[in-house]
Amino acid sequence: MAFVRHDGPAGDPLAPGASGWPVWPQLGQAAGEPTFGKSVGNAFSNADLGQWVAGQGVRDVVLIGAQSDFCVAATVKGALAQGLGVTVVSDAHSTLDSEEEKAPDIIVRHNKAFAEQGARLTTTAALIGG
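Values in this document were obtained by computation on a predicted structure and should not be read as measured data.

Taken together, the side chains of Trp 24, Leu 27 and Ile 64 present a nonpolar region at the surface, about 340 Å² in accessible area. Positionally, Ile 64 belongs in strand β3 (residues 60-66).

Right, dumping it as structure tokens:
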């Protein structure tokens, strides 16, 4: 498993060294599981991530994350552009309310868009066999 961390600019809560920058400990990152930094939405903008995925011999990725409508959406597109199969865990990505739309509605709308783009959808329970 690999983790992706957003590297924000100086002064940003996600800037390197800031409180929001580390991988969230509750995700349970094991020793030896790599972290790839990114400074834009698409995690595959970091070529090292693409190389690591290819080096694992996999052709499919499973995505979870924050900001369904930004980083997750951009990474789905980026992974598909790399020729990877994509599974999005439909109940394991999140976002914030916008002025026009509540977060749960944004998530539902993006899950539909992900499927229309060619991503498979699954749930956390289905993924872990529960």
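All right, on to the sheet that holds strand β4 (residues 85-94) then. One open sheet holds the three strands; their spatial order is β3-β4-β5, and the pairing between them is parallel. The open sheet has two free edges, formed respectively by β3 and β5 (120-122), since each of these has just one partner strand. For this sheet, the mean inter-axis angle between neighbouring strands, taken without regard to orientation, is 30°.

The next thing to look at is the environment of Arg 59. Structurally, the position occupied by Arg 59 is in the loop between α1 (47-55) and β3. The class for Arg 59 is exposed, based on a relative accessible area of 69%. Along the sequence, Arg 59 and Phe 70 sit eleven residues apart, while their C-alpha atoms lie 23 Å from each other. Not counting chain neighbours up to four residues away, the residues in contact with Arg 59 comprise Leu 84 and Gly 85.

The rules behind these values
Residues numbered from 1 in each chain as written. Predicted model: local features only at pLDDT ≥ 70, side-chain atom pairs only at ≥ 80, totals over all residues. Heavy atoms only, no water. Patch = residues over 30% accessible without salt bridge, like charges linked within 9 Å, V, L, I, M, F, W, Y side chains within 5 Å. Areas by Shrake-Rupley, 256 points an atom, 1.4 Å probe, with all protein chains shown as cover. Salt bridge = Lys/Arg side-chain N within 4 Å of Asp/Glu carboxyl O. Helix = DSSP H or I, 4+ residues; strand = E, 2+ residues; numbered from the N terminus. Pairing = 2+ DSSP bridges. Axes fitted to C-alpha atoms, helices over the stretch in contact; angles between N-to-C directions. Buried < 20%, exposed > 50% of the residue type's maximum accessible area, 1.4 Å probe, protein only. Contact = heavy atoms within 4.5 Å.

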